[in-house]
Amino acid sequence: EAGVAQSPRYKIIEKRQSVAFWCNPISGHATLYWYQQILGQGPKLLIQFQNNGVVDDSQLPKDRFSAERLKGVDSTLKIQPAKLEDSAVYLCASRPGWIFNSGGLADTQYFGPGTRLTVL
Amino acid sequence: AQRVTQPEKLLSVFKGAPVELKCNYSYSGSPELFWYVQYSRQRLQLLLRHISRESIKGFTADLNKGETSFHLKKPFAQEEDSAMYYCALSGSGLRGRAQKLVFGQGTRLTINP
């Protein structure tokens, strides 16, 4: 089974430029996540999709960040315009589907290799 | 609010010694706790989760709701255990929906030969 794919792996841009990241989740996984991991910190969720719908984007800086998953498969995350503080690793993860609370087993999130963004 | 605290950024122990990575959480509901690990040049991956009550690679973790802790333990450390370890929490949310994972800052574990 192929894992979560991300591209590019590295990107260097100047502030105020635009950048886009791509993620292809594991085949059949309904849920897709984008995380931002700043150096020295744990991953922080930016947005969560269930198929092609947004479940949670409460921590997405919507004035400059946008994400879409039009066909419910792959996804793109865009930053426009970039700021210095956007320098981070952007992780994509996927999970098979819904889980139900009340003692049910939690599905595992499978992570991609990440895209390291440097904003100069 | 959901919060995960890993008080040690760095932890260094000798091979064969016991290791304990600390994790404390803050959550008012019934949480699900996880440990994720990232080995050098590899992806972040799930190590274990409290609900499974399993031992993976010799590691165990017990959820202590009274102390709001989920410490990761291994009785005899091995060199291949050197990695970055993240504790994460998923709270119960809307019925039928999974909440997001909230991660701690991570602990870099180094096993010295």
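To be clear, the structure that these remarks concern was listed above.
Chemist: For this particular structure, what's the right way to read the overall build of chain B?
Modeler: Along chain B, the regular secondary structure elements total 0 helices and 11 strands. For chain B, the N- to C-terminal ordering of α and β elements is β-β-β-β-β-β-β-β-β-β-β. The C-alpha extent of chain B, read off along each of the three principal axes, is 50 × 30 × 25 Å. Residues counted as buried form 45% of the 113 residues belonging to chain B. Expressed as a percentage of contacts within chain B between residues at least 6 apart in sequence, the contacts between residues at least 24 apart total 60%.

Chemist: What should I look at first to understand the overall build of chain A in this one?
Modeler: Summing up its helical and strand segments, chain A has 0 helices and 11 strands in all. Ordered by position from the N terminus, the helices and strands of chain A form the series β-β-β-β-β-β-β-β-β-β-β. Its C-alpha atoms give chain A a radius of gyration of 14 Å, near enough to 14 Å, the size a compact globule of 120 residues would have. Taken along the three principal axes of its C-alpha coordinates, chain A extends 45 × 30 × 30 Å. Going through the 120 residues of chain A one by one, you find that 47% of them count as buried. A sequence separation of at least 24 residues applies to 55% of the contacts in chain A between residues at least 6 apart. A total accessible area of about 5900 Å² is found for chain A, and carbon and sulfur atoms account for 51% of it. Separation between the mean location of the 13 positive side-chain charges and that of the 10 negative ones in chain A comes to 5 Å.

Chemist: How do you make sense of the packing of aromatic side chains when you look at a structure like this?
Modeler: Aromatic rings considered in pairs are described by the distance between their centres and by the relative angle of their planes. One pass over the structure, following the stated rule, counts 11 aromatic pairs over all chains. Both rings, one in Tyr86 of chain B and one in Phe103 of chain B, keep their centres 6.3 Å apart while their planes meet at 90 degrees; by these two values the pair is edge-to-face. With Tyr86 of chain B in strand S9 (residues 83-92) and Phe103 of chain B in strand S10 (residues 98-103), this residue pair connects regions lying 17 residues apart in the sequence. Judged on exposure class, the residue Tyr86 of chain B and its partner Phe103 of chain B are both buried. Each residue in the set Tyr33, Tyr35 and Phe111 of chain A together with Phe34, Tyr36, Tyr86 and Phe103 of chain B is aromatic and connected to the rest through ring pairs, giving one cluster.

Chemist: Any chance you could explain the pattern of salt bridges here in plain terms?
Modeler: Any two side chains of opposite charge can pair, on the condition that their charged atoms come close. Counted under the stated rule, the structure contains 5 salt bridges over all chains. The closest approach of N and O atoms between Arg64 of chain A and Asp86 of chain A, which form a salt bridge, is 2.5 Å. Highlighted residues: Arg64 of chain A in the loop between strand S6 (53-56) and strand S7 (65-68) and Asp86 of chain A in the loop between strand S8 (75-79) and strand S9 (88-95), separated in sequence by 22 residues. We note that Arg64 of chain A, like Asp86 of chain A, is buried. Here Lys74 of chain B makes a salt bridge to Asp81 of chain B, at a shortest N to O gap of 2.8 Å. Judged by its relative accessible area of 6%, Lys74 of chain B is buried.

Chemist: Would you mind showing me how to read the side chain of Arg64 of chain A here?
Modeler: All names here are of chain A. On the basis of relative accessible area, Arg64 is assigned to the buried category, the value being 11%. A polar side-chain atom of Arg64 sits 3.0 Å from the main-chain carbonyl oxygen of Pro81. Excluding anything up to four places from it in sequence, Arg64 contacts Lys78, Ile79, Gln80, Pro81, Ala82, Lys83 and Asp86.

Chemist: It is not clear to me how the sheet that holds strand S7 (residues 60-61) of chain B should be interpreted in this structure. Could you clarify?
Modeler: Two orientations exist for strands paired in a sheet by backbone hydrogen bonds: parallel and antiparallel. All names here are of chain B. With antiparallel pairing, 3 strands are arranged side by side in an open sheet as S3-S8-S7. For this open sheet the edge positions go to strand S3 (19-21) and S7, each flanked by a neighbour on one side alone. As judged from the 3 bridges shared by S3 and strand S8 (residues 72-74), these two strands associate in the antiparallel manner. Pairing of Val19 across the sheet is with Lys74, part of S8.

Criteria and cut-off values
- Residues numbered from 1 in each chain as written.
- Chains lettered and ligands numbered in written order.
- Predicted model: local features only at pLDDT ≥ 70, side-chain atom pairs only at ≥ 80, totals over all residues.
- Heavy atoms only, no water.
- Helix = DSSP H or I, 4+ residues; strand = E, 2+ residues; numbered from the N terminus.
- Buried < 20%, exposed > 50% of the residue type's maximum accessible area, 1.4 Å probe, protein only.
- Contact = heavy atoms within 4.5 Å.
- Rg over C-alpha atoms; globule rule 2.2 N^0.38 Å.
- Areas by Shrake-Rupley, 256 points an atom, 1.4 Å probe, with all protein chains shown as cover.
- Lys, Arg positive; Asp, Glu negative; His and termini not counted.
- Charge placed at Lys NZ, Arg CZ, Asp CG, Glu CD.
- Phe/Tyr/Trp six-rings, centres within 6.5 Å; stacked < 30°, edge-to-face > 60°.
- Salt bridge = Lys/Arg side-chain N within 4 Å of Asp/Glu carboxyl O.
- Polar contact = N/O pair within 3.5 Å; in protein donor to acceptor, adjacent residues only side chain to side chain.
- Pairing = 2+ DSSP bridges.

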